[in-house]
Amino acid sequence: MDKQLFNQRKKRIRDLIYDKHYQPMKQKEIGYLLQVEPEDRKEFTQILGELVDEGVVEVSKRGKYRPVTKKMLTGTFVCTQKGFGFVSVEGEDDDFYIGENDMNGAFHEDTVLIEVTQEQAKSGRRKEARVIKIIERGMKEIVGTFEKNKSYGFVVPDNQRFDSDIFIPKEQCGNLSDGFKVLVKITDYGDIRRSPEGRIIEVLGHRDDPRVDILSIVKAYNIPTEFGEEVIQEVEKVPSSVEKTALDGRMDLRDWQTVTIDGEDAKDLDDAITLTKTDSGYQLGVHIADVSEYVKEHSALDKEALKRGTSVYLVDRVIPMLPHQLSNGICSLNAGADRLALSCIMDLDEKGNLKSHRIAETVIHVDERMTYTSVAAVLDGDEGERIRYKDFVQMFEQMKELSDILRELRHERGSVDFDFPESKIVLNEDGKAVDVIPAKRNAATKIIEDFMLLANETVAENFYWQETPFVYRTHDNPDGEKVQKLRTFLENFGIVLKLKKDEIHPKEIQKLLTKVEGTPEEALISRLTLRSMKQARYTTESSGHFGLSTQYYCHFTSPIRRYPDLQIHRIIKESLRGKLNTKRIRHYESILPKVSEQSSKMERRADEVEREVEKLKKAEYMERHIGQQYKGVISGVTGWGIYVELPNTIEGMVHVSKLPGDYYNYNEMSYSMVGERTGRTWKLGQPVKISVTGVDKILKNIDFEIIEEDEHGEDRRNKADSE
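About the criteria used
Residues numbered from 1 in each chain as written. Predicted model: local features only at pLDDT ≥ 70, side-chain atom pairs only at ≥ 80, totals over all residues. Heavy atoms only, no water. Phe/Tyr/Trp six-rings, centres within 6.5 Å; stacked < 30°, edge-to-face > 60°. Helix = DSSP H or I, 4+ residues; strand = E, 2+ residues; numbered from the N terminus. Buried < 20%, exposed > 50% of the residue type's maximum accessible area, 1.4 Å probe, protein only. Lys NZ or Arg CZ within 6 Å of the ring centre and 35° of its normal. Pairing = 2+ DSSP bridges. Axes fitted to C-alpha atoms, helices over the stretch in contact; angles between N-to-C directions. Expected span 1.5 Å × (residues − 1). Contact = heavy atoms within 4.5 Å. Arc of directions from axis to C-beta. pLDDT = per-residue confidence, 0-100.

Peer 1: Could you give an account of the packing of aromatic side chains, with specific residues and numbers?
Peer 2: Inspection of every chain in the model, using the stated rule, returns twelve aromatic pairs. Between Tyr464 and Tyr552 the ring centres are 5.0 Å apart and the planes differ by 50°, which places this aromatic pair in the tilted class. Residue Tyr464 is located in helix H12 (residues 443-466), and its partner Tyr552 is located in the loop between strand E25 (537-539) and helix H16 (563-576); the two are separated by 88 residues in the primary sequence. The class of Tyr552 is buried, set by a relative accessible area of 15%. Ring pairing ties together the aromatic residues Phe84, Phe86 and Tyr97, which thus form one cluster. Over the aromatic face of Tyr189 sits the side chain of Arg137, whose NZ or CZ is 4.1 Å from the ring centroid.

Okay, here's the thing in structure tokens:
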């Protein structure tokens, strides 16, 4: 079939049906009108069928073809665990609700064509639609638990949003027994009468085997864990030490006192610092590993790095963007070795204002590999650490001095600093969670954060004014409706949020966080404030960063673990070498939108995997503490219950049916549960005592129960039991 001729005929038929003089006709009538020859009737029928499938044309009950009368859109289907779903459409502010009977065989993450059945009305009713056609399947491979029957097997998906077991033919089952975690490729998505069918492409191990639980999550998100042969071959050609020829034309900074400051476990060290005090202020050097020297554009390494987008940091492993030979070897700024770097050297006055800067290709030599813990100890006056690092004490103190100045400058312009409690999950040799330890930022982590932020801003502004193609890190202003909801919520705490036409300045957010600092509700107000804000992303336009209250920002400081950083390093080096000609500018203009989109997408995937693994391990830890009691704070309130967060950041839920003493209704305006009879209220930020009653590791849920105490602080429930 001539594709061009087919499309021409298709356009002709579509134009006919949409002609203003056209009256709805049956297939045979259209055929007569267009004088379709007998040998072309099959193609004619196919064209009409495609126009209907694509939502361009619809057929009446009487079989007459006519222009669509309903709004047709294409979007991504998201299934919920409750049986219904939503479709998100690019350019639409709100998702479309899809009822259980309107899914038309769609599964989670499918790209679908929908027909809008209910536009959002003034009454506030949500938008509704039904799935007309599945354009592309989203989930092609599924991780689940294998179960064997006499004549066949089936896989129960780990992802609760894929709401059907997958049939496995007998010949595919092999010698597998119940309980094995497997990766299944779906070969047939089934229909109303038949379950989806698949074949097993990888056996991950038994569900009780060490670390198989985390591997299952990694595989479910399609994160590659191995590098292909072509990538490995390229890595083998990379030198293990800096070659003399690579130093030509580079600024030699090997005699500058230089340190790296990272976590104890870090092996991919991509930033180093130098700092000296000058007569007029400070000279700060932020030196970043020159990864682009070893990962060339269009190479297998480069393609794999773009595909991965980012390194993924899990509780028991790192899945790197680049092979370990690079990320922990020649690209890592290891102490005692010469390394190639891209440096941003900044001259600042005594008040922290940037007076001048230079971006250069350099060679550096790190004198000491420091940890956040050691630097913080030096600054806290630990005598042992100060003696051990006596040659660096003055520099660390000057770093703290400058860090405080920079932080205050950002605070003055309205930069928002969310200081959420974080935790470290400790695993035993078998990969089981044995402890969850609260972790807080110290002076050293803030130093590195402040210096990296300044370097990223400086580089972004530099290239913005050069008007060269670039990848920026942007953060849009919050959505007006979400800001209004936040304002309503804060009124419950007696806090007034100043808005201007539904818009808010980051300084108002900053004032809010300062106001609640140290209060019991600090963590949850911070979290709800963050939820009202949009997600930061990578873009080719410098549209500003709301959270940092700056017009110019990029990611320059982590090219070992983030692709956007690696990408802009190439642009920076070409600019420094005078090679950014018209041809190269056009090249970057053509590829950077896709690079930005892919990097944003992979960042979100990595965040989701990290969250899922953390939830799993926290649930596993609490499984060993069922029956134990803890004090916590109500961190969330929904129609089905309240969430309580413990000091170690573990969160569990008290189901509405388990709330004591009354039948409770959810008050959406005040984010609270209110008793029908007693008027008793459970609200955000309220301290409570709970008992752990159950854990579901598959759903990663932790169940709590409220423990009420009498006026003497005794457990009412236990007292009742004893009586």
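Peer 1: I'd like a rundown of the sheet that holds strand E5 (residues 96-98), residues and numbers included.
Peer 2: The strand order around the closed barrel built from five strands is E3-E4-E5-E7-E6, with neighbouring strands paired in mixed fashion. Taking each pair of neighbouring strands and ignoring which way they run, the sheet shows an average axis angle of 50°. Two strands pair when backbone bridges link them, and strand E3 (residues 72-79) and strand E6 (residues 111-118) are joined in this way by five bridges, in the antiparallel orientation. Residue pairing in the sheet places Met72 in a bridge with Glu115 of E6.

Peer 1: Provide a residue-level description of helix H3 (residues 41-53), including the pertinent values.
Peer 2: Compared with an ideal rise of 1.5 Å per residue, which puts 13 residues at 18 Å, H3 spans 18 Å between its outermost C-alpha atoms and is within 8% of the ideal. Looking at the buried residues of H3, the elements they touch are helix H1 (3-17), helix H2 (27-34), strand E1 (57-59) and strand E2 (65-67).

Peer 1: Describe the environment of Glu645, listing the residues and the values that go with them.
Peer 2: You can see Glu645 is positioned in strand E27 (residues 641-645). For Glu645, a relative accessible area of 13% corresponds to the buried category. The sequence separation of Glu645 and Val363 amounts to 282 residues, and the corresponding C-alpha distance is 48 Å.

Peer 1: Quick one: what's the story with the pairing of strand E14 (residues 259-262), residue by residue and with numbers?
Peer 2: Burial of E14 is two-sided: the residues Val259 and Ile261 facing one way and the residues Thr260 and Asp262 facing the other way are all buried. As paired strands, E14 and strand E21 (residues 368-371) are joined by four bridges and run parallel to one another. Along E21, the bridge assignment pairs Thr260 with Arg369.

Peer 1: Tell me about H2, and please be specific about residues and values.
Peer 2: Considered for burial, the residues of H2 that qualify are Ile30, Gly31 and Leu34. When H2 is viewed along its axis, its buried side chains cluster within an angular range of 105° and face the same direction. Residues of H2 that are exposed and point over 90 degrees away from its buried face: Lys28 and Tyr32. Structurally, H2 contributes buried residues whose contacts are with H1, H3 and E2. Gln35, located one to two residues past H2, shows a positive phi value of around 55°.

Peer 1: Can you break down the confidence of the model for the chain residue by residue, with the values?
Peer 2: Scored by pLDDT, the chain has a mean of 90; 96% of the residues are at 70 or more. Every residue in residues 718-723 scores below 50 in pLDDT, and together they form three contacts with partners more than four places removed in sequence or on other chains.

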